[in-house]
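The chain contents come next:
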Amino acid sequence: MASGSSEQEQPSTLLDIVSVLDREGAMGVTELANELGIAKSTAHYHLSTLRRNGFVIKDGTQYELGLSFLKMGLQTRRREPLFEAAKDEIDKLAAETGELAILSVEQRGLGVYLYKSGGSDALDIDAPIGGSATLHNRALGKAMLSEFTEERVDEIISRHGLSKTADQTITTREELEQELQAVQSEGVAFNREESITGIHGVGVPITSAEGDVLGAVSVAGPAKRLNGSTFTDDLPDLLSRARNVIELNYQHGQEY
């Protein structure tokens, strides 16, 4: 029984170590062991395993994640059909608007940034590739939520809540429901300084021919630029055209 328990714990400990190094950056063995509540010898053993396989590098007494994860991440993204279907359109959106264009998918009730492209005036808004963010306070997120069933939306809210990240953040289920109904009616989601004060965003959902939610595309930038008819008319039109192309590209790719 003890052997079986050890075999089950090993992958979990490895993943815990990777998660801590990803979150905290470089750490020493003792610091890492204390963070995870494991023996120093156990931490050292797993770090040595990760280092031997190129997933961790050592600088003096400090350990940090290696670039093998970057290679794996890029390979994983290349195998994602939506990335291949959307990449060129995201680049075009960035060039046409001069702002930041973003492609996101939903995983475990969060939005995961799959690709982004910055135009000539783009702000480098906090949207790291592979990073995740809540859905209720972003145009990308509301675009995807609008395509989910009420049960799925309730499940996501139950899991992640409706945290307040700015003065304009929606924090009640009733407000969010009204917002999602508007998105369903208009086919476009708006972020009016709901995630970051001073930042606006416009997003549209991407769906398959069968109606499954594939992800969402958005354009984000300073509220002082993304306002008026640019915000309410021009960007939604550009995004709607991009969505049509992406969905056609995706469908075409699935046929081969």
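Predicted model only: the values in this text are computed from it and were never measured.

Thresholds, definitions, all that
Residues numbered from 1 in each chain as written. Predicted model: local features only at pLDDT ≥ 70, side-chain atom pairs only at ≥ 80, totals over all residues. Heavy atoms only, no water. Axes fitted to C-alpha atoms, helices over the stretch in contact; angles between N-to-C directions. Helix = DSSP H or I, 4+ residues; strand = E, 2+ residues; numbered from the N terminus. Parallel < 35°, antiparallel > 145°, perpendicular 65-115°, else oblique. Left-handed = near helix turned anticlockwise from the far one by under 90°. Contact = heavy atoms within 4.5 Å. Nonpolar A, V, L, I, M, F, W, Y, C, P; charged D, E, K, R; others polar. Phe/Tyr/Trp six-rings, centres within 6.5 Å; stacked < 30°, edge-to-face > 60°. Lys NZ or Arg CZ within 6 Å of the ring centre and 35° of its normal. Buried < 20%, exposed > 50% of the residue type's maximum accessible area, 1.4 Å probe, protein only. Salt bridge = Lys/Arg side-chain N within 4 Å of Asp/Glu carboxyl O.

Participant: Got a sec to walk through the packing of helix α2 (residues 29-36) against helix α3 (residues 40-52)? Specific residues and values, please.
Facilitator: Two elements in contact, α2 and α3, have axes whose closest approach is 8 Å; the angle formed by their N-to-C orientations is 110 degrees. With respect to α3, the axis of α2 lies roughly perpendicular. The interaxial crossing formed by α2 with α3 has right-handed handedness. For the pair α2 and α3, the contacting residues are Val 29, Thr 30, Leu 32 and Ala 33 in the first and Lys 40, Ala 43, His 44 and Leu 47 in the second. Taken together, the residues of the contact of α2 with α3 break down into five nonpolar, two polar and one charged.

Participant: Quick rundown of the packing of aromatic side chains? Include the residues and the values.
Facilitator: One pass over the full model with this rule turns up two aromatic pairs. Against the face of Phe 148 rests Arg 152, its NZ or CZ located 5.8 Å from the ring centre.

Participant: Please give an account of unusual backbone geometry that cites residues and values.
Facilitator: We note that Arg 108 has phi near 55 degrees; this positive angle belongs to a residue other than glycine. Tracing the backbone shows Arg 108 in the loop between β3 (100-107) and β4 (110-118). The class for Arg 108 is exposed, based on a relative accessible area of 61%. Phi angles above zero are rare outside glycine, and Glu 193 is one such case at about 55 degrees.

Participant: Describe the environment of Gly 111, with residues and values.
Facilitator: On the secondary structure map, Gly 111 appears in strand β4. Sequence spacing of Gly 111 and His 136 is 25 residues, and the spatial spacing of their C-alpha atoms is 9.8 Å. Other than its neighbours up to four places away in sequence, Gly 111 contacts Ser 104, Val 105, Gly 131, Ser 132, Ala 133, Leu 135 and Met 144.

Participant: Requested: an account of the pattern of salt bridges, with residues and values cited.
Facilitator: Here the structure, examined in full by the defined rule, presents twelve salt bridges. The closest approach of N and O atoms between Glu 99 and Arg 225, which form a salt bridge, is 2.7 Å. Of this pair, Glu 99 sits in the loop between α5 (81-97) and β3 while Arg 225 sits in the loop between β8 (213-222) and α9 (228-254); the two residues are 126 residues apart in sequence, bridging distant segments of the chain. For Glu 99, a relative accessible area of 5% corresponds to the buried category. Look at Arg 225 and you get partly exposed, because its relative accessible area is 33%. Arg 152 is the salt-bridge partner of Glu 106, the closest N and O atoms lying 2.5 Å from each other. Of this pair, Glu 106 sits in strand β3 while Arg 152 sits in helix α7 (residues 150-160), and the two are 46 residues apart along the sequence.

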